[in-house]
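Structural characterization, general
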Amino acid sequence: MRTTLVSLLALAATTPAFASSNPSQPATNAEGETIVVTASRSNEGIAADRLGASVTVLDAQAIEQRQTRVVSDVLRDVPGVAVSRAIGGLTQIRLRGSEANHALVLIDGIEASDPFNGEFDFNGLIADQDVRIEVLRGQQSSLYGSDAIGGVVHYLTLSGAEAPGFTARAEGGSFNTFDGAARFAGATDQLDYVVSGGYYRTDGTPVARNGKLDVGSETAGANVKLAWTPSESFKLTGVARYMWNDYDVANTEQNPASPLFGYVVDSPGARATKESLYGLLRAELTALDGRWVNALTGQYADVTRKGYAGALRDSGSNGRRYKGSFESSLRFGDEVVVHKLTGALDVEREEFQNTTPGGFAFTGRRNTTNVGLVGQYELTVDDNASFGASIRQDWNNRFADSTTWRVQGSYTLPTDTRVHAAYGTGVKNPGYFELYGFVDGQYIGNPNLRPEKSEGWEAGLEQRFGTVATIGATWSDNRLKGEIFTTFPAPTFIATPANRTTKSRQRGIEVALSAQPVPQWRIDATYTWLDADENGTVEVRRAKHIASFNSTWTTADDKLSATLTVRYNGRQQDVAFTDPSFVPVNVTLDDYVLVNLNAEYKLTGAITLFGRVENLFDENYEEVFSYATPGAAAYGGVRVKF
């Protein structure tokens, strides 16, 4: 992992033209600098060491060295990120203490959240080969609109030019687990192509405390990414991704007479499926020797969920999103001072349908249409100083129109000390279930909910020690107004969402270290201190202290390597519905340390053997109340590359 804290405006005149919605742009530029593709709408990648915002780039090497299979696991190595993985349930991430639905998730430039529930479920997202992940923290609504209060997570497959050839892996291990993946990629003068697919299955382990029923899952997916460049001034990019997830479900006990009421229990026959289809088509036209770039993008997302109790379907939903965007960027200036003006127009329609057979007040379709207009200015001076500002106006047919904005800057001193800062605002529209959901006697939605609004700032320092190490620290402070929370009004005490009249606050410190003291030794470490409260009460599933440490050693002949991963999650609060009144009870989840040990050996130039042990010391822990987690596990396999 290479961690950098960067500014939104690093646009040197020699930087090649790429856009934030373009999934085929490379991870580095011609100068070898790491490029961030998520932090601008300007149709150009941004050098990662010149951005005023905080961004972490998990590169393909780090993801492979840590033998990442479950994407949410490697996100624990990002400062400011809290992960809550409930096997047999929902897997969420939270950025800087914000809610899980405050993080915008992109997959190869496509908005990937489920339009039905308003957030992305990381359950079932298995890591592809040759990918990287960008995590941009802080309010980004001025670029992307609703959902980006806490930041943006962008999952990107490498292009055929970056990672050509055929690669495949197969592994097996504990809990009767099997994982297989293959990738074929390459590039010609006009065509860049990537075709990949994967399959993962496991019998799993019991999820209920003291349970005996294993909770397993089966996941399959395929991805195609093509970029056609018939001339220097025109480029056409297409992405198609399909994901299928079939998993056992662990339900909670609903019988008020049971001593386990509100606890997760063995649920024979309970399972669910999730089918996701994503598509993107993007045309880019450049003029004025590459200084004026125009891009037209259309994208599509369709997420269908079905729940079963034995052979009978007892729940379901479908969410669809259609989005079109036009971006136009003009770069001007000289070799020292570079200006960039950008305008973007987003037109988006989301559709929601509840397909649950019964128990809900509304089972038809609803839709929401939003139009967003973005203006952005970026400035760099001599590659040391940068400044940027962006503003966005959103018109929505269901909620109040909103205006969001952001300013940020970065300056590098002659001592290789970089100071950076940002201030911005964000907005999050209520989700469909919050508005119209209904569970008889337990929950009723509120169609009068208002959008949540956020504003906050960050400031930090980053010190480089040549090419040996970089260490940085950032302080952030955010306020959330109109937070949507669950209340239990008399006389029925049925749960219903409402907007708070008080403000919620999230503040914290993020520290990151990246070092390579010798070519064979790589170290990455992070630490987060977080203070998040809502109306004076500590926010749930966000520990005050989170840390990670990764160290990889490779022999001089590059044949043998080993990686040690240590992840710490501090004590945190959660809620339990163990009272028959359904009023939540506050509970405390203990802190825990997870240790993984990985190794691989290159048998030949094309064949590599690998193995790993996860949860080496068999830690007993919970990330979500009463959801048990797997103990120590071992896996091994082979990888080929031609």
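Quick caveat: nothing in here was measured; it's all calculated off a predicted structure.

Rules of the game
- Residues numbered from 1 in each chain as written.
- Predicted model: local features only at pLDDT ≥ 70, side-chain atom pairs only at ≥ 80, totals over all residues.
- Heavy atoms only, no water.
- Helix = DSSP H or I, 4+ residues; strand = E, 2+ residues; numbered from the N terminus.
- Rg over C-alpha atoms; globule rule 2.2 N^0.38 Å.
- Buried < 20%, exposed > 50% of the residue type's maximum accessible area, 1.4 Å probe, protein only.
- Contact = heavy atoms within 4.5 Å.
- Lys, Arg positive; Asp, Glu negative; His and termini not counted.
- Charge placed at Lys NZ, Arg CZ, Asp CG, Glu CD.
- Patch = residues over 30% accessible without salt bridge, like charges linked within 9 Å, V, L, I, M, F, W, Y side chains within 5 Å.
- Areas by Shrake-Rupley, 256 points an atom, 1.4 Å probe, with all protein chains shown as cover.
- Salt bridge = Lys/Arg side-chain N within 4 Å of Asp/Glu carboxyl O.
- Phe/Tyr/Trp six-rings, centres within 6.5 Å; stacked < 30°, edge-to-face > 60°.
- Lys NZ or Arg CZ within 6 Å of the ring centre and 35° of its normal.
- Core = buried A, V, L, I, M, F, W, Y, C linked by side-chain atoms within 4.5 Å.
- Pairing = 2+ DSSP bridges.
- pLDDT = per-residue confidence, 0-100.
- Polar contact = N/O pair within 3.5 Å; in protein donor to acceptor, adjacent residues only side chain to side chain.

Quick word on the overall build of the protein chain
- Helix and strand counts for the protein chain come out as four helices and 39 strands.
- Taking 2.2 N^0.38 as the reference for a compact globule, 642 residues should give roughly 26 Å; the C-alpha atoms of the protein chain span a radius of gyration of 24 Å, in line with that estimate.
- Overall, the C-alpha framework of the protein chain stretches about 75 × 60 × 45 Å when taken along its three principal axes.
- Every one of the 642 residues in the protein chain was classed for burial, and the buried ones make up 56%.
- Taking as baseline every contact in the protein chain between residues at least 6 positions apart, the subset at least 24 positions apart corresponds to 63%.
- For the protein chain, the centre of its 59 positive side-chain charges and the centre of its 75 negative side-chain charges are spaced 2 Å apart.

Points about the pairing of strand β9 (residues 131-137)
- With seven of seven residues buried, β9 lies mostly within the body of the structure.
- With burial as the criterion, each face of β9 is covered, one bearing Val131, Ile133, Val135 and Arg137 and the other bearing Arg132, Glu134 and Leu136.

Thoughts on a nonpolar patch on the surface
- Judged by side-chain polarity, Phe166, Phe184, Leu191, Val195, Val224, Leu226, Trp228 and Phe642 come together as a nonpolar surface patch covering roughly 710 Å² of accessible area.
- Of all elements in the fold, only β13 (191-206) and β14 (214-231) reach the threshold of two or more residues within the nonpolar patch.
- A total of three residues in the nonpolar patch trace back to one element, the largest contributor, which is β14.
- Looking at where Phe184 falls in the secondary structure, it is placed in strand β12 (residues 177-187).

Details of the packing of aromatic side chains
- Summed over the entire model, instances satisfying the criterion amount to 13 aromatic pairs.
- Ring centres 5.6 Å apart and planes at 10° place the aromatic pair Trp405 and Tyr423 in the stacked group. Highlighted residues: Trp405 in strand β22 (residues 402-412) and Tyr423 in strand β23 (residues 417-428), separated in sequence by 18 residues.
- Ring centres 6.1 Å apart and planes at 25° place the aromatic pair Trp475 and Trp529 in the stacked group. On the criterion of sequence distance, the pair formed by Trp475 in strand β27 (residues 469-481) and Trp529 in strand β31 (residues 521-534) is long-range, its members being 54 residues apart.
- Each member of the aromatic cluster is reached from another via a ring pair, and the members are Phe116, Phe352, Tyr432 and Tyr436.
- Arg271 extends its terminal NZ or CZ atom over the ring of Tyr308, reaching a point 4.8 Å from the ring centre.

Details of the nonpolar core
- Leu75 and Ile133 are the most contacted members of the largest nonpolar core, which has 30 residues in total.
- Not counting the four nearest positions on each side in its chain, Ile133 is found in contact with Thr56, Val57, Leu58, Ile63, Val71, Val74, Leu75, Val153, His154 and Tyr155.
- Formed by 15 residues, the second largest nonpolar core is a distinct cluster that contains Ala48, Leu104, Leu106 and Leu136.

Structural notes on the pattern of salt bridges
- For the structure on display, the rule yields 53 salt bridges.
- Here Glu458 ties to Arg406 by a salt bridge, and the two come within 3.9 Å at their closest N and O atoms. Within this pair, whereas Glu458 is found in strand β26 (residues 452-465), its partner Arg406 is found in strand β22, the two being separated by 52 residues in sequence. Here Glu458 and Arg406 have matching classes, each one buried.
- Note that Arg505 is salt-bridged to Asp477, the shortest N-O span being 2.7 Å. With Arg505 in strand β30 (residues 503-518) and Asp477 in strand β27, this residue pair connects regions lying 28 residues apart in the sequence.
- Overall, Arg505 belongs to the partly exposed group, its relative accessible area being 25%.
- Residues participating in the shared-partner salt-bridge network are Asp59, Arg66, Asp77, Arg522, Asp524 and Arg567.

Overview of unusual backbone geometry
- The residue Asn210 is not glycine, and still its phi comes out positive at about 60°.
- You can see Asn210 is positioned in the loop between β13 and β14.
- Overall, Asn210 belongs to the exposed group, its relative accessible area being 79%.

Details of the pairing of strand β34 (residues 560-569)
- Of the two faces of β34, only one is covered, namely that formed by Ser561, Thr563, Thr565, Arg567 and Asn569; the face formed by Leu560, Ala562, Leu564, Val566 and Tyr568 stays uncovered.
- Hairpin connection between strand β33 (residues 545-554) and β34: a loop of five residues separates the two successive antiparallel strands, and Asp558 in this loop has a positive phi of roughly 65°.
- Bridging between β34 and strand β37 (residues 592-602) involves ten bridges; their strand directions are antiparallel. If you follow Asn569 over to β37, its bridge partner there is Tyr592.

Digging into the confidence of the model for the protein chain
- Looking at the protein chain as a whole, its pLDDT mean stands at 91, while 94% of the residues score no less than 70.
- The low-confidence segment residues 1-21, where pLDDT is below 50, has 135 contacts with residues more than four positions distant or belonging to other chains.

Description of the side chain of Ser113
- As for its placement among the helices and strands, Ser113 is situated in the loop between β8 (110-111) and β9.
- On the basis of relative accessibility, which here comes to 4%, the residue Ser113 falls in the buried class.
- Separated by 2.8 Å, the side chains of Ser113 and Arg321 make a polar contact.

Observations concerning the environment of Gln139
- Note that Gln139 resides in the loop between β9 and α3 (141-144).
- Considered as a pair, Gln139 and Arg398 are 259 residues apart in the sequence and their alpha carbons are 22 Å apart.
- Beyond its immediate chain neighbours, meaning those up to four positions away, Gln139 contacts Ala148, Ile149, Arg406, Gly424, Thr425, Gly426, Ser454, Glu455, Gly456 and Asn478.
- One polar contact links Gln139 to Asn478, side chain to side chain, over a distance of 2.9 Å.

Digging into the environment of Lys323
- Mapped onto the secondary structure, Lys323 falls in strand β18 (residues 312-333).
- Spatially, the C-alpha atoms of Lys323 and Val371 are 9.8 Å apart, while their sequence positions differ by 48 residues.
- Setting aside residues up to four positions removed in sequence, Lys323 forms contacts with Glu111, Thr297, Gly298, Gln299, Asp346, Val347 and Glu348.
- Polar side-chain contacts of Lys323 include one of 2.5 Å to the side chain of Glu111.

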